[in-house]
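# Observations on the model geometry
What follows is the residue order along each chain.
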Amino acid sequence: VSYTTADDIILVDFDGRKIAGRPDLDVPKEIFIHTWVLKTRPEMHSVLHAHPAKVMLFSICNKPLLPLFGAYDPSALRLLKKDLCSYPRSVLISNEVLGQELAQTMQHSKACMMRGHGITTCGKSVQDATLTAIRLHELADINYQARLLGDPQSISEEDQESFEKLPPTPDEAYWRYYCRKVDE
């Protein structure tokens, strides 16, 4: 994503047909991830699909992501507790049936761990979907590193509940931070 420019983006319709974009760019094989999530989630305006290795490791090892932190990033804890689902198949989402199946799995979630494949996130904006993906990656990365060090313990239920009472943290500062990192 760091090297993607506006010129690298194509426009497709809900049937996965290319409408606009450079002639040398084809519709991705997994376009049905995007079209079906957008068709079934009208409140969402952006879908991101990526293949972060550490998240995939948790999905193939049947290891849950643990709530290891709260104050470090309350939005990540909220994602883990309320907005994360799993898709059990390790296939390319390359047709309407599989796209609809994934969208059904994600009907109440902003993020999905796809077994042996990657992740899909959705949001009300590109920033929202992107930050959700970053948070999921961060959850997996910290869980992975903690397991390397020993036996990680979830934060207490009391501490987890204390974050449920807080309003969501505005994402503008996080977004600026990651935009600056891209420019480094």
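Preceding block: the structure.
Below is a short write-up of the structure. As the structure is a prediction and not an experimental result, all values here were calculated from the model.

## A word on the state of the cysteines
Going through the model one piece at a time under the given rule, you end up with 0 disulfides. No disulfide involves C85; its sulfur sits 3.7 Å from the nearest other cysteine sulfur, which is in C112. You can see C122 has no disulfide; the closest cysteine sulfur is in C85, sitting 8.7 Å from it. Residue class for C122 comes out buried when judged on its relative accessible area of 0%.

## Let's talk about a negative patch on the surface
A contiguous patch of negative charge on the surface is contributed by E157, E158, D159, E161 and E164. Looking at the secondary structure, you find D159 in helix α6 (residues 157–164). A relative accessible area of 38% means that D159 is categorised as partly exposed.

## So, the pattern of salt bridges
Scanning all chains against the criterion turns up 12 salt bridges. Between R135 and D171 there is a salt bridge, with its nearest N and O atoms 2.9 Å apart. Residue R135 is found in helix α5 (residues 126–149), and its partner D171 is found in the loop between α6 and α7 (172–183); the two are separated by 36 residues along the sequence. Looking at D171, the relative accessible area reads 23%, which means it is partly exposed. Among the charged side chains, a salt-bridge network with shared partners connects D7, D8, R22 and D24.

The rules behind the values
- Residues numbered from 1 in each chain as written.
- Predicted model: local features only at pLDDT ≥ 70, side-chain atom pairs only at ≥ 80, totals over all residues.
- Heavy atoms only, no water.
- Disulfide = S-S within 2.5 Å.
- Buried < 20%, exposed > 50% of the residue type's maximum accessible area, 1.4 Å probe, protein only.
- Patch = residues over 30% accessible without salt bridge, like charges linked within 9 Å, V, L, I, M, F, W, Y side chains within 5 Å.
- Areas by Shrake-Rupley, 256 points an atom, 1.4 Å probe, with all protein chains shown as cover.
- Salt bridge = Lys/Arg side-chain N within 4 Å of Asp/Glu carboxyl O.
- Lys, Arg positive; Asp, Glu negative; His and termini not counted.
- Charge placed at Lys NZ, Arg CZ, Asp CG, Glu CD.
- Helix = DSSP H or I, 4+ residues; strand = E, 2+ residues; numbered from the N terminus.

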